[in-house]
Amino acid sequence: MLLRDTPVRDLMVTEVLTFRPADNVQDAMRALVLRDIDGAPVLDDDGRVVGVLSTADLIVEESRIPLPAVITLLGAVLELPSSKRRYEETLEKALGATVGEVMADDDVVTVGPDDTLETAATVMHDRDVSRLPIVDEDGVLVGLLARGDIVRAIVRDADAKGTASTTEG
């Protein structure tokens, strides 16, 4: 009954990488890669969650950059100057973009620290998210719960029960 009975606060991580909407996308991307995580909450000045930045958002932003047009003429590859200039400007803008411009901010999903792991797992499944910001009653971030945290807890619980039943018999 681990999922039904355990409050999110028992499993959430409290040291969370966060971003601000004005942060530079390139810096955010670097921070995600260095921490080997695929997303982080975006907070306003009061610590409230206003969005989530994920590597998927960054990939989508990068994929919107039109590649420069080239033509092949008699075996020579020619790059059209106006196309190259547009590509360079778009690339520079994307790399100079802010987190607020690329983050997912449509209906950010959160749960509270007293909600159960069952509630959190259900929300993750229903909303197809892999991490949930945990917020207090004022909407201020207090932690983060990832899908992997729940899976690890279930496995630990199952292992503990398996060990207990084999030692009793």
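Relevant structure appears above.
These figures come from a predicted structure and were not determined experimentally.

Undergrad: A description of the nonpolar core should follow, citing residues and the corresponding values.
TA: Within the largest apolar cluster, 13 residues are counted, with the highest numbers of intra-cluster contacts made by Val-8, Ala-120, Leu-132, Ile-134, Leu-145 and Ile-150. Sorting the residues of this core by element identifies α6 (117-127), β5 (131-135) and α7 (147-168) as the ones contributing at least two each. If one sorts the elements of this core by residue count, α6 sits on top with three residues. In terms of nonpolar packing, the next biggest core, distinct from the first, is built from 12 residues, Leu-17, Leu-32, Val-42 and Val-102 among them.

Undergrad: Could you give an account of the pattern of salt bridges, naming the residues involved and the relevant values?
TA: Oppositely charged side chains may form a pair once their charged atoms are brought near each other. A full pass over the atoms with the stated rule returns six salt bridges. Arg-30 is the salt-bridge partner of Asp-27, the closest N and O atoms lying 3.3 Å from each other. Residue Asp-27 and its partner Arg-30 are both found in helix α2 (residues 25-35); the two are separated by three residues, about one turn of the helix. For Asp-27, a relative accessible area of 46% puts it in the partly exposed group. Accessibility expressed as a relative area gives 45% for Arg-30, which makes it partly exposed. In this structure, Arg-131 and Asp-38 form a salt bridge, with 2.3 Å as the shortest nitrogen-oxygen distance. Residue Arg-131 is found in strand β5, and its partner Asp-38 is found in the loop between α2 and β1 (39-43); the two are separated by 93 residues along the sequence.

Cut-offs and rules
Residues numbered from 1 in each chain as written. Predicted model: local features only at pLDDT ≥ 70, side-chain atom pairs only at ≥ 80, totals over all residues. Heavy atoms only, no water. Core = buried A, V, L, I, M, F, W, Y, C linked by side-chain atoms within 4.5 Å. Buried < 20%, exposed > 50% of the residue type's maximum accessible area, 1.4 Å probe, protein only. Helix = DSSP H or I, 4+ residues; strand = E, 2+ residues; numbered from the N terminus. Salt bridge = Lys/Arg side-chain N within 4 Å of Asp/Glu carboxyl O.

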